[in-house]
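# Structural overview
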Amino acid sequence: MVDVGFRLWFTNRNTQDPTFRRAVSYVDSVVLPPASNPVPMNSSSLLTSSAVVTENVCRHYRMGDAIIRAVDGVTLRVAAGEFVALLGQSGSGKSTLLNLLAGLDRPSSGSVVVQGRNLAAMTSEELASYRRNDVGMVFQAFHLIPSMTITDNVELPMRFAEVDREVRQQRVHESLERVGLGNRLKHRPSELSGGEQQRVSIARALANRPSLLLADEPTGNLDSRTGEDILHLIRDVSHSMKMTVVMVTHERALAERFAQRLIFLADGKLISSGEAEPPPQTRLGDTGTSEGVLA
Ligand code: ADP
Ligand code: MG
């Protein structure tokens, strides 16, 4: 359970503040009903060798009488340790797909399997644990908490994960050293440049040593030189920590330089996954085609 000090700390925050909510979103916010389409887990070798496998995954929104097919039948796999870039025009479904991989949202139908575990079949508690322990997220707008030092910002997900205090402190230092900010521990976000703030958010994402790093337009708010530095950093940490990276971007030139594979979305559909042809064993079983539409 969460310690009393942390409860006080948390309850004294304005939890309606959008920046705060975004910053903690990937650890505790989403409570959605379990999906009704669990995938049979008769795992093939694909399930264990791939970090991420989606099978005909859909996320449809109902807006009045209309249905918006934000993600519309995407079948995809990402190998463990691979660095892939997800490209497509604005509105093509990139962030929606990333949020499904992050366990921030649930598919309307289809499956998302990360390291052999089907997110669609997880309870809300299991999904929260998955977000805390297995996934790191980096956002375009950093989403640091302005009133907290960078040390406290990086420590935050570990407090949610109830990591011991000494281990937390050690990991904060390690993570900030890794991103080149070991000498800025007491600074607040407003005292740092945009590139430095993004480094802090990467340190925060790495603190729980996730196996999967998800980045949504991580260079979108940065000048091109700083954006390049950030991508060098993401590539280096993914190598050294043997992490799988899925990065959304619309900067194709950068994606070509840094990612191992480019995946293109249009209108919620995969138009190219960078693979010659899908391997025959990508079928995980009949996941159904019914259109359970959430919200
Ligand atoms: P991208 O990240 O590629 O710009 P998004 O994944 O954010 O695209 O959005 C894909 C489509 O889904 C867009 O048409 C968007 O308007 C719609 N969409 C995203 N989130 C919601 C939502 N919560 N409710 C309704 N429609 C949404
Ligand atoms: Mg987006």
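Everything quoted here is computed from the prediction, not taken from an experiment.

## What about the overall build of the chain?
On a plain count of helices and strands, the chain comes out with 10 helices and 10 strands. For the chain, with 295 residues in total, the buried portion stands at 43%.

## So, the environment of R69
By the secondary structure assignment, R69 is in strand β2 (residues 66-79). On the basis of neighbour counts, which here come to 18 C-beta atoms within 10 Å, the residue R69 falls in the partly exposed class. Sequence separation between R69 and S108 is 39 residues, and the spatial gap between their C-alpha atoms is 9.9 Å. Contact partners of R69, with chain neighbours within four places excluded, come to H60 and G268.

## What to know about the sheet that holds strand β1 (residues 50-63)
Pairing is antiparallel across the open sheet formed by 4 strands, whose spatial order is β2-β1-β4-β5. Edge positions in the sheet fall to β2 and β5 (117-118), since each has one partner strand and no second. Where β1 meets β2, 11 bridges bridge the pair, whose relative direction is antiparallel. Counterpart to M63 in the pairing with β2 is A66. In the packing of helix α4 (residues 94-101) onto the sheet, the strands contacted are β1, β2 and β4 (109-114), and the crossing angle to β2 comes to about 60 degrees.

## Regarding the sheet that holds strand β3 (residues 83-87)
Pairing is mixed across the open sheet formed by 6 strands, whose spatial order is β6-β7-β8-β3-β9-β10. Unpaired on one side and paired on the other, β6 (135-139) and β10 (269-272) mark the two borders of the sheet. For this sheet, the mean inter-axis angle between neighbouring strands, taken without regard to orientation, is 25 degrees. Sitting on the sheet, helix α9 (residues 224-240) is in contact with β3, β7 (212-216) and β8 (244-248), with an inclination near 160 degrees to β8.

## Considerations on the environment of L101
Within the element layout of this structure, L101 appears in helix α4. Leave out the neighbours within four places in its chain, and L101 touches V52, V112, V114, L214 and V246.

## Thoughts on the site of ligand 1
In the region of ligand 1, the neighbouring residues are Y61, M63, I68, A70, G88, S90, G91, S92, G93, K94, S95 and T96. Elements that contribute at least two residues to the shell around ligand 1 include exactly β1, β2 and α4. Of all the elements, α4 adds the most residues to the shell around ligand 1, at 3 residues. Taken together, the residues that form the shell around ligand 1 break down as 4 nonpolar, 7 polar and 1 charged.

## Topic: α9
Under the 1.5 Å per step criterion, the end-to-end length of α9 is 24 Å for 17 residues, consistent within 8% with the ideal 24 Å. The set of residues buried in α9 consists of G227, I230, L231, I234 and V237. Buried positions in α9, seen along its axis, are confined to an arc of 130 degrees and lie on one side of it. Of the exposed residues in α9, those oriented more than 90 degrees away from the buried face are R225, H232, D236, H239 and S240. Against α7 (165-178), α8 (194-206), β7, β8 and α10 (252-258) lie the buried residues of α9. K242, located one to two residues past α9, shows a positive phi value of around 50 degrees.

Rules behind the numbers
Throughout this description, residue numbers start from 1 for each chain and increase along the sequence as written. To label them, take the chains in the order written and letter them from A, then take the ligands in the order written and number them from 1. pLDDT decides what is reported in this predicted model: residues at 70 or higher carry local features, side-chain atom pairs at 80 or more are listed and counted, and totals for whole chains, interfaces and linings draw on all residues regardless. Strands are runs of DSSP state E lasting at least two residues, helices are runs of H or I lasting at least four, and both sets are numbered from the N terminus onward. Note on burial: count the other C-beta atoms lying within 10 Å of the residue's C-beta; 20 or more is buried, 12 or fewer is exposed, in between is partly exposed, and C-beta positions come from the backbone. Contact between two residues is assigned when their C-beta atoms, built from the backbone, lie within 7 Å. Pairing between strands is defined by DSSP: at least two bridges between them are needed. Axis definition: a line fitted to C-alpha atoms, over the contacting stretch in the case of helices. Angles run 0 to 180 degrees between N-to-C directions. Using a C-beta atom placed from the backbone for every residue, we mark a residue as near a molecule or strand if that atom lies within 6 Å of it. Classes in brief: Ala, Val, Leu, Ile, Met, Phe, Trp, Tyr, Cys and Pro nonpolar; Asp, Glu, Lys and Arg charged; the others, Gly included, polar. Here the expected length of a helix is defined as 1.5 Å per residue gap, with one fewer gap than residues. The arc in question is the one spanned by the directions pointing from the helix axis to the C-beta atoms.

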